[in-house]
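Letter by letter, the chains look like this.
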Amino acid sequence: MGRDVVLAVGLLGICAGGLTLFLKTAGVAGDRGSGVPAAVLVAVATLGVLAVTLRGRAPVRNRASARPAGLPDDPAPAPDVPDVGAEALDHAAVDADGFEHAVAALCARDGCTAVEVVGGAGDLGADVVAVAPDGRRIVLQCKHYAEDNRVGSQDLQRFGGTCFTIHEADVAVVVTTSSFTAPAAEYAATCGIICVDGEALAAWTGQLTPAPWDALTPDPTAPVA
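Residues numbered from 1 in each chain as written. Predicted model: local features only at pLDDT ≥ 70, side-chain atom pairs only at ≥ 80, totals over all residues. Heavy atoms only, no water.

**Some points on the sheet that holds strand S1 (residues 113-117)**
Strand pairing in a sheet relies on backbone hydrogen bonds, with the paired strands running either antiparallel or parallel.
No. 1: As summarised here, the arrangement of the five strands in space is S1-S2-S3-S4-S5, forming an open sheet in which the pairing is mixed. Two strands lie at the open edges of the sheet, namely S1 and strand S5 (193-196), each paired on one side alone. This sheet shows a mean twist of 15 degrees between the axes of neighbouring strands, independent of strand direction.
No. 2: Strand direction decides the pairing type here: strand S2 (residues 128-131) and strand S3 (residues 137-143), joined by four bridges, are antiparallel. Residue pairing in the sheet places Val-128 in a bridge with Leu-140 of S3.
No. 3: In the packing of helix H5 (residues 153-160) onto the sheet, the strands contacted are S3, strand S4 (171-176) and S5, and the crossing angle to S3 comes to about 150 degrees. (Pairing = 2+ DSSP bridges. Helix = DSSP H or I, 4+ residues; strand = E, 2+ residues; numbered from the N terminus. Axes fitted to C-alpha atoms, helices over the stretch in contact; angles between N-to-C directions. Contact = heavy atoms within 4.5 Å.)

**Here's the deal with the pairing of S4**
No. 1: With six of its six residues buried, S4 lies for the most part within the structure.
No. 2: Neither face of S4 is left uncovered, since the one carrying Val-171, Val-173 and Val-175 and the one carrying Ala-172, Val-174 and Thr-176 both have all their residues buried.
No. 3: In the sheet, S3 pairs with S4 via six bridges, with the strands oriented parallel. Bridging from a neighbouring strand, Val-139 pairs with Ala-172 of S4.
No. 4: For the crossover from S3 across H5 to S4, the handedness is right-handed. (Buried < 20%, exposed > 50% of the residue type's maximum accessible area, 1.4 Å probe, protein only. Right-handed = clockwise from strand over helix to strand, strands pointing away.)

In structure tokens:
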């Protein structure tokens, strides 16, 4: 507004000076009768220029930045959903890291939500977490082993020490491409961990059997041997 006032005063001064010069010239010529109407015209023109200038410099609201009150900010992008295509489910064609993603894809295919691969340093035994269609929290550990490398009881004991107490699993699952030793299977049965070996994994992938969380509901309160 301060700059507009200065501009208006400047224009008014210029027009006033022009009017004074015009009147002096008209007086010298002795034509005072026609000078008055001319002065009126000049004054009207001056006011018109002043009005147009002030109106043209009126502040304009930025409509693009205006946002109706009460509306929330732009929603956050939806989380990525694991690919459930045939390649994503092919656990035989991936490495250990890829195997975790293949298991996550199986969970998503079978109706789980909030599926997330969390394996890595400091994961405390959880490689994949998900929520089953019935709302149960699923925690899976993935063992990408060769056929002659069986999952032992120590692996199960480490997972059993964290899956329920730390990760708060309703369903704890260990999935492997190989098999489990007898002590490992016994420990899992005692504390309610579901074991999915290579054969059961192939059946799950081919939808020949139900998802592990539907095949068995473990009891997290069962005593641990």
